[in-house]
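Analysis of the macromolecular model
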Amino acid sequence: MNQHEKLNYVEFPAKDLAATKAFFEAAFGWVFTDYGPEYTAFADQGLDGGFFKSELCAAQDRGSALLVFYSGALEETQGKVERGGGRISKAIFPFPGGRRFHFIEPSGNEFAVWSDIGA
């Protein structure tokens, strides 16, 4: 449900839409809706959004916001990310309140996954 003045949608660039879709389908079970050859959207993932064809990518060290998934089984999720074609850019590390890792999906966008279990 859309909520007044709440975050509603996020968009990411993607160099390779097909590879990005395949990764998120394999690693997280996402389903996509294509809107032409240069845009695909996802829904029901905590925040709806999409990927648009672009040579750019989003990374925290370049000033982009970092979107962070939650996992109840951090190592299991890391395995799914790796098997799906993601590259681990920061191995699991502790922080106050939990543990997390960062990964790069096939189009070069950086995400993270955190857990408060096993912290």
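Looking at an unreviewed UniProt entry, the chain carries the name VOC family protein, with the source organism given as Pseudomonas lalucatii.

On inspection of all chains with the given rule, the structure shows three salt bridges. Across the pair D61 and R62 runs a salt bridge whose closest N-O atoms are separated by 4.0 Å. Each member of the pair, D61 as well as R62, is classed as exposed. Residue E75 pairs with R99 through a salt bridge whose shortest N-O separation is 2.7 Å.

This part takes up helix α1 (residues 17-28). An ideal rise of 1.5 Å per residue puts 16 Å on 12 residues; α1 measures up with 16 Å between its terminal C-alpha atoms. All of the buried residues in α1 are L17, T20, K21, F23, F24 and A27. Buried residues of α1 fall within an arc of 160° about the axis and therefore sit on the same side. In α1, the exposed positions angled more than 90 degrees off the buried face are occupied by A18 and A26. Regarding α1, its N-cap is D16, as a side-chain oxygen of that residue lies 3.3 Å from the backbone nitrogen of A18 further along. G29, located one to two residues past α1, shows a positive phi value of around 75°.

About the cut-offs
- Residues numbered from 1 in each chain as written.
- Predicted model: local features only at pLDDT ≥ 70, side-chain atom pairs only at ≥ 80, totals over all residues.
- Heavy atoms only, no water.
- Salt bridge = Lys/Arg side-chain N within 4 Å of Asp/Glu carboxyl O.
- Buried < 20%, exposed > 50% of the residue type's maximum accessible area, 1.4 Å probe, protein only.
- Helix = DSSP H or I, 4+ residues; strand = E, 2+ residues; numbered from the N terminus.
- Expected span 1.5 Å × (residues − 1).
- Arc of directions from axis to C-beta.
- Polar contact = N/O pair within 3.5 Å; in protein donor to acceptor, adjacent residues only side chain to side chain.

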